[in-house]
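# Structural overview
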Amino acid sequence: MSIEKIVEQALQDGYLTPSMEAEVGLICNTASELSIEEYMALDRLMGALLTGEVVVLPRKQFINVMEELVLSEAIARVTEIEATSEKTLDVGDIAAYALNRLPPLYATTEEGAQFQRSKAKDELQNLISQQINEAIAQNIDRQPINSTPFGSYPDVGSQLSELLKSYAPHYEQ
């Protein structure tokens, strides 16, 4: 949508939504130069904002309390595992794996967040731990067992060459 259309919509509705504001910002940031019409539309919008003819709708702030809980448990478990073994685990992968299998717990206020934390600790702590354990197991299984390069095994190249020749005997002729 163009700046002019966004401004027209804002003037008609009497408010500027966060997505409209973001779109205007994106256009302004990516354009090498704005046209006179775009500058005039922005000037009209600024005037309407200053007079109160158009109001900016606030962005709603919210958090997913489950992210906090999963991340803190994942960090604790990974730290424990890395301290007692040679393994290196990816906390982000582990948290994402677990979060994809757990319900979100959104809150918009600190009171709501406290309620969600309490609810999660009472009702979901076992499920959170289970998902973190599964995520860690998945992460450990994906790690290479032996990181020795193929060149360190003297017969691998010749064995591979013989195998390919047996499957395609006339390929290089």
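Residues numbered from 1 in each chain as written. Predicted model: local features only at pLDDT ≥ 70, side-chain atom pairs only at ≥ 80, totals over all residues. Heavy atoms only, no water.

Going by the annotation in an unreviewed UniProt entry, the name recorded for the protein chain is Competence protein ComFB, with Okeania hirsuta given as the source organism.

## Let's talk about a nonpolar patch on the surface
On the surface, Y15, V55 and L57 cluster together into a nonpolar patch covering about 220 Å² of accessible area. Relative to the helices and strands, L57 resides in the loop between β2 (55-56) and β3 (63-64). The partly exposed category is assigned to L57, whose relative accessible area is 32%. (Patch = residues over 30% accessible without salt bridge, like charges linked within 9 Å, V, L, I, M, F, W, Y side chains within 5 Å. Areas by Shrake-Rupley, 256 points an atom, 1.4 Å probe, with all protein chains shown as cover. Salt bridge = Lys/Arg side-chain N within 4 Å of Asp/Glu carboxyl O. Helix = DSSP H or I, 4+ residues; strand = E, 2+ residues; numbered from the N terminus. Buried < 20%, exposed > 50% of the residue type's maximum accessible area, 1.4 Å probe, protein only.)

## Some words on the packing of helix α4 (residues 65-84) against helix α5 (residues 91-99)
Across the interface, α4 lies against α5 with an axial gap of 9 Å and an inter-helix angle of 135 degrees. In this view, α4 runs oblique relative to α5, as classed from their interaxial angle. Judged by the sense of rotation from one axis to the other, the crossing of α4 with α5 is right-handed. Contact with α4, carried on its side by M66, E67, V70, L71, A74, I75 and V78, involves V91, I94, A95, A98 and L99 of α5 and no other residues of that element. Of the residues assigned to the contact of α4 with α5, the class counts are eleven nonpolar, no polar and one charged. (Axes fitted to C-alpha atoms, helices over the stretch in contact; angles between N-to-C directions. Parallel < 35°, antiparallel > 145°, perpendicular 65-115°, else oblique. Left-handed = near helix turned anticlockwise from the far one by under 90°. Contact = heavy atoms within 4.5 Å. Nonpolar A, V, L, I, M, F, W, Y, C, P; charged D, E, K, R; others polar.)

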